[in-house]
Amino acid sequence: MDVIIYHNPACGTSRNTLAMIRNAGIEPAVIDYLKTPPSRSDLKKMIADAGLSVREAIREKDTPYREMGLDDPALSDDQLLDAMLTHPILINRPFVITPLGTRLSRPSERVLDILPDTHKGPFAKEDGEQVLDAEGKRLG
């Protein structure tokens, strides 16, 4: 299965998502989006395919969001996309694309919605929260 993750290795949610993909027996294409941001058309497609608005896909925490005035509701989607592409840290993460769909995997277990049921045993997040049981079945 071809899987792409737009990843930030410094982000715990992104690391957990990548680990869940690998727990399913899949080695994804890992794109460090801070170094290699998506094209404008790819970003627009990912956001739309994930069922999000551009505003829902923008990251506020630990970014120049407020300093840039991006909380102004009068800003258009194109203006927000321009900011995201100029400052990729504004792109929320991790976006994951599989043949089963596209998700912004926040929380990280949202990735399970678009992965095959091929998980190899239990899985716990970095903080110890158990996500999959011993048979690889989703908890909760």
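Described below are features of the structure shown in this document.

Next up on the list: the sheet that holds strand 1 (residues 4–7). Reading across the sheet, the four strands line up as 2-1-3-4 and stay open at both edges, with mixed pairing between neighbours. Of all strands in the sheet, those with a lone pairing partner are strand 2 (29–32) and strand 4 (101–104), marking the two edges. Taking the axes of each pair of neighbouring strands and ignoring which way they run, one obtains an average angle of 15° across the sheet. As paired elements, strand 1 and strand 2 share four bridges and run parallel to each other. Of the residues in strand 2, the one forming a bridge with H7 is D32. Here helix 1 (residues 12–23) sits on the sheet in contact with strand 1, strand 2 and strand 3 (95–98), set at roughly 160° to strand 1.

Counting residues in each nonpolar core, the largest one holds 19 residues, and the members touching the most others are L43, I47, I58, L70, M84, L90 and F95. Elements that contribute at least two residues to this core include exactly helix 2 (40–49) and helix 3 (77–86). Ranked by the residues each element gives to this core, the list is headed by helix 3, at four residues. Counting 15 residues, the second largest nonpolar core, distinct from the first, contains I21, A24, V111 and I114.

What counts as what
- Residues numbered from 1 in each chain as written.
- Predicted model: local features only at pLDDT ≥ 70, side-chain atom pairs only at ≥ 80, totals over all residues.
- Heavy atoms only, no water.
- Pairing = 2+ DSSP bridges.
- Helix = DSSP H or I, 4+ residues; strand = E, 2+ residues; numbered from the N terminus.
- Axes fitted to C-alpha atoms, helices over the stretch in contact; angles between N-to-C directions.
- Contact = heavy atoms within 4.5 Å.
- Core = buried A, V, L, I, M, F, W, Y, C linked by side-chain atoms within 4.5 Å.
- Buried < 20%, exposed > 50% of the residue type's maximum accessible area, 1.4 Å probe, protein only.

Functional significance is not addressed by these values, which are geometric in nature.
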